[in-house]
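Below are the chains, spelled out letter by letter.
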Amino acid sequence: MKIAVIGQSLFGQEVYKELRKDGHTIVGVFTIPDKDSKADPLATEAEKDGVPVFKFPRWRVKGQAIPEVVDRYKATGAELNVLPFCSQFIPMEVIDHPKHGSIIYHPSLLPRHRGASAINWTLIHGDKKGGFTVFWADDGLDTGPILLQRECDVEPNDTVNTIYKRFLFPEGIKGMVEAVRLITEGKAPKITQPQEGATYECIQKKDNAKIDWNQSAEAIHNWIRGNDKVPGAWAEVDGQRVTFFGSTLVDNGTATNGQPLDIPGASKPGIVTKTGLMLFGNDSKTLLVKNLQFEDGKMIPAAQYFHSGSSMAVELTEEEKSFADQIRAIWKSILTNVSQIDNSTDFFKSGAASMDVVRLVEEVKLRASTCQLQNEDVYINTTFQDFIQMCVRKLRGEDGEEELVVDYVEKNINNMIVKIPHQLFIKGEFVDAEGGKTYKTINPTDGTAICEVSLAQISDVDKAVAAAKEGFEVGEWGKMNPRDRGRLIYKLADLMEEHQEELATIEAMDSGAVYTLALKTHVGMSIQTFRYFAGWCDKIQGSTIPINQARPNRNLTFTKKEPIGVCAIVIPWNYPLMMLAWKTAACLAAGNTVVLKPAQVTPLTALKFAELAARAGLPKGVVNILPGSGALVGQRLSDHPDVRKLGFTGSTEIGKHIMKSCAVSNVKKVSLELGGKSPLIIFSDCDMDKAVRMGMSSVFFNKGENCIAAGRLFVEETIHDQFLKKVVEEVKKMKIGDPLDRSTDHGPQNHKAHLDKLLEFCQIGMKEGASLIYGGKQLQRPGFFFEPTVFTDVQDHMYIAKEESFGPIMIISKFKTGEVDDVLRRANATEYGLASGVFTRDISKALYVSERLNAGTVFINTYNKTDVAVPFGGFKQSGFGKDLGQEALNEYLKTKAVTIEY
């Protein structure tokens, strides 16, 4: 079809390009004259293609069409006029001339919001739905018959810019092209606009954008965002007109510590806080404004209102001067109408527009990848000198990012001062729980309280999930390229390594882990895990798939691996930091955001991790940590509709409950690492010394608080007595005591309830007739110390043979020589299937047994040998899904198939 495109802007340019791709002939482009010697993007694109371009200053004079202009238009022979965005009045002689008439794009759901400020009024009225209309032009104002409409949700904090970028721009282009296609096929409808619901609002200009403070916070917020960026909502402050940008609604519980700012007409003074300017409606509810602009055009972060003029200029090094010259050249290439760029040159007063802002930001990134600019940086630093100063500060790491405020609990312990955060971590800040609720976390070494920790409530969960959702959908994290994401995770691992002694000390205090083990395994493997998955960030990829071709056309099908979104992670108390790392590292590497609930009894290393994540530069909302109860926090995460994945490590009983809740709420993706009763089979042809050493490790490692601990040892009867004697001899040598003592082998159990459970477990074993060879008692000293324990003569029907103790209790059963299949039957006669092991010098026997053990991990002549590159997870009621290794990434990714026909 022969089409005349009448309009302007980048939107017009993209519609023009897509129409050409669709096979239409553009017989003419009618756009606005050049401004400051710069052509409109639509004109630039058409001229490049050799399409006739007309730049009429006007089409009418005193309401009458200009004949020569109309004649030049008619000469193109257009069959359809397409008006994607047009600021000029087009006479009806042009509108009605083509065979198929004229179609126009309008950014609202007509008949609502007729007029030139439709997007503004969609937001000002607080509409829950927005969208666009393609309609047939008539002699009314946006009153012609509707051809098609598309709608979208309007988010509570949308601005004109965000809704335009997210929906109105990309989908509007598709809508215009689809409308032309329907006209070409003779299928385009003409639906008369209803009168019911029709509105017409005036054009928003600066003079009528003044804020009325006598209304609710939501109404004020809608007014500010509806006028953001143009024309800008304003109010009189300190005797001058100040324009407000970047409004968000905030909870009334948000901290409002700051300096008051009197605003004439407001129900109460605003408060300048570290996050922006807090404002109040007449309903006492609150909103937060991010940026302010003064009458001279200078824009500042609202948080800097009282010290906006205090920053000293930095002196540039020779290298930085060279960088400044490169940036000066970029400014000159954009501001072609300016003869010379000096320090006082103002980007916007020299004619730059919003697309020039995007270009400037991207050009700077190409020359200095570490200078990560946002569009706001340009609006705030409009002169060349201010812009260079801002860029140099960013390159030096002195860009004025707000300081992380941490209310530490400090302990002088283990020959160091450890600094422990104790509040919830939500959206990049440590905050108190709702109502200031707290609880005591206990040191298992002596039973005393370490500190008070904030106890998360349901409203805190909702805030954390909202922060994670915002961080994923609109924050920097979701836009970041994978390599930069990996760089941040590497930096986080480096910071963890710098603080490894402090982390290990906190872990020993809070969980009872022996310090040397905490340093090597709890912390050491956590660091390795983050480094391993940091390397995966830019290697997550799909594949191309051959399919049956749609002859005579062809097809290309490929898959994409995409992050899931907001993920919840619920971890246990036995390896507080390592369990966090196993799940969170893969989750972040895949590009998700996370809300993590540490075990209520061991929250402290998770909170220290949150501090390090913030210092590593992970954007706000990416990591959120909520100490609290499983019944409240864990349940709400399972039920929350915005959580799309939940990873859990813990008991089978709780895992089943979580799985049910995740299914009922919104069919969340789930991965579960649950209970175990791992069998270890020791044959008579084993290396006895190694079997004793590794057999003890399989049970007593980390005080037996180990998900893959060997819950039952099957020892061939001919070596049973010898094995038992050697084990008891070695157990008697184990030093039980202070986990911070470097010579300690065995620290306290994690908490009092668990100690009581182990004592009960032993009582049941003795009552059922098992032989208690050693231990089984609590040590008579402060804290939660339990003796390493050995049972033998344990029969298959006994409680201790079937149930997991999760403690330092060795359960030994004999099996007869040569009865390999029978011992395998007994080993597999459990609902668990997490890990298993076999000791034998006969490699054929070892492989035979390993193939038949029904467990996710099989160790041969070793035990507890896990590695960050090896997938870890169980079978049967030990759960499903994997931690570690490449397979763990799949738990936090979704696969999308895309098929193209050409």
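Attention in this report is confined to the structure presented alongside it. Only a predicted model underlies this, so the values are computations on that prediction, with no experimental measurement involved. (Residues numbered from 1 in each chain as written. Predicted model: local features only at pLDDT ≥ 70, side-chain atom pairs only at ≥ 80, totals over all residues. Heavy atoms only, no water.)

### Considering the overall build of the chain
Point 1. A count of helices and strands for the chain gives 27 helices and 40 strands.
Point 2. For the C-alpha atoms alone, the extent of the chain along its principal axes is close to 110 × 70 × 60 Å.
Point 3. Residue pairs at least 24 apart in sequence account for 69% of intrachain contacts in the chain once pairs closer than 6 positions are excluded.
Point 4. Of the accessible surface of the chain, which amounts to about 39,000 Å², a share of 50% is contributed by carbon and sulfur atoms.
Point 5. Here the chain contributes 106 positively and 114 negatively charged side chains, and the mean placements of these two sets differ by 3 Å. (Helix = DSSP H or I, 4+ residues; strand = E, 2+ residues; numbered from the N terminus. Contact = heavy atoms within 4.5 Å. Areas by Shrake-Rupley, 256 points an atom, 1.4 Å probe, with all protein chains shown as cover. Lys, Arg positive; Asp, Glu negative; His and termini not counted. Charge placed at Lys NZ, Arg CZ, Asp CG, Glu CD.)

### Regarding a nonpolar patch on the surface
Point 1. The grouping of Leu556, Ile900 and Tyr902 at the surface amounts to a nonpolar patch, some 290 Å² of accessible area in total.
Point 2. Tracing the backbone shows tyrosine 902 in the segment after strand S40 (893–901). (Patch = residues over 30% accessible without salt bridge, like charges linked within 9 Å, V, L, I, M, F, W, Y side chains within 5 Å. Salt bridge = Lys/Arg side-chain N within 4 Å of Asp/Glu carboxyl O.)

### Topic: the packing of aromatic side chains
Point 1. Applying the stated criterion across every chain, the model contains 29 aromatic pairs.
Point 2. Centre to centre, the rings of phenylalanine 54 and phenylalanine 56 are 5.9 Å apart; their planes meet at 35°, and the pair counts as tilted. A single burial state applies to phenylalanine 54 and to phenylalanine 56, both of which are buried.
Point 3. Here phenylalanine 132 and phenylalanine 167 contribute two aromatic rings whose centre-to-centre distance is 5.9 Å and whose plane-to-plane angle is 40°, an arrangement assigned as tilted. Here phenylalanine 167 lies in helix H6 (residues 160–184) and phenylalanine 132 lies in strand S8 (residues 129–136), a separation of 35 residues in the sequence. Like phenylalanine 132, the residue phenylalanine 167 is buried in the burial classification.
Point 4. Following the ring pairs from residue to residue traces out a cluster consisting of Phe11, Tyr105, Phe132, Tyr164, Phe167 and Phe169. (Phe/Tyr/Trp six-rings, centres within 6.5 Å; stacked < 30°, edge-to-face > 60°. Buried < 20%, exposed > 50% of the residue type's maximum accessible area, 1.4 Å probe, protein only.)

### Let's talk about the side chain of glutamate 14
Point 1. Tracing the backbone through its elements, the reader meets glutamate 14 in helix H1 (residues 9–21).
Point 2. Judged by relative accessible area, glutamate 14 falls into the buried class, the value being 18%.
Point 3. Beyond its immediate stretch of four places on either side in the chain, glutamate 14 contacts Phe169 and Ile173.

### Let's talk about the sheet that holds strand S36 (residues 835–839)
Point 1. Read across the sheet, 7 strands follow the order S32-S33-S34-S31-S30-S36-S37 without closing on themselves; strand pairing throughout is mixed. This sheet does not close on itself; its edge strands, each paired only once, are strand S32 (771–774) and strand S37 (857–860). Each adjacent strand pair in this sheet contributes to an overall mean axis angle of 20°, direction not counted.
Point 2. Across 3 bridges, the pairing between strand S30 (residues 678–682) and S36 is parallel. Each residue of the ladder has a partner; that of leucine 680, found in S36, is glycine 837. (Pairing = 2+ DSSP bridges. Axes fitted to C-alpha atoms, helices over the stretch in contact; angles between N-to-C directions.)

### Side note on the pattern of salt bridges
Point 1. What the rule picks out here adds up to 47 salt bridges.
Point 2. Its salt-bridge partner being glutamate 45, residue lysine 48 comes within 3.3 Å of it at the nearest N-O pair. Of this pair, lysine 48 and glutamate 45 are both found in helix H2 (residues 41–48), 3 residues apart, which corresponds to roughly one turn of the helix.
Point 3. Salt-bridge contacts for arginine 531 lead to glutamate 497; the nearest nitrogen and oxygen are separated by 2.8 Å. Here arginine 531, found in helix H16 (residues 515–534), pairs with glutamate 497, found in helix H14 (residues 482–498); they are 34 residues apart in sequence, far enough to count as distant.

### Observations concerning H16
Point 1. Compared with an ideal rise of 1.5 Å per residue, which puts 20 residues at 28 Å, H16 spans 27 Å between its outermost C-alpha atoms and is within 8% of the ideal.
Point 2. The sharpest bend along H16 comes to roughly 35°, located at glycine 524.
Point 3. Of all 20 residues in H16, 14 are buried; the element is thus mostly enclosed. (Expected span 1.5 Å × (residues − 1). Bend = angle between axes of the 7 residues up to and from the residue.)

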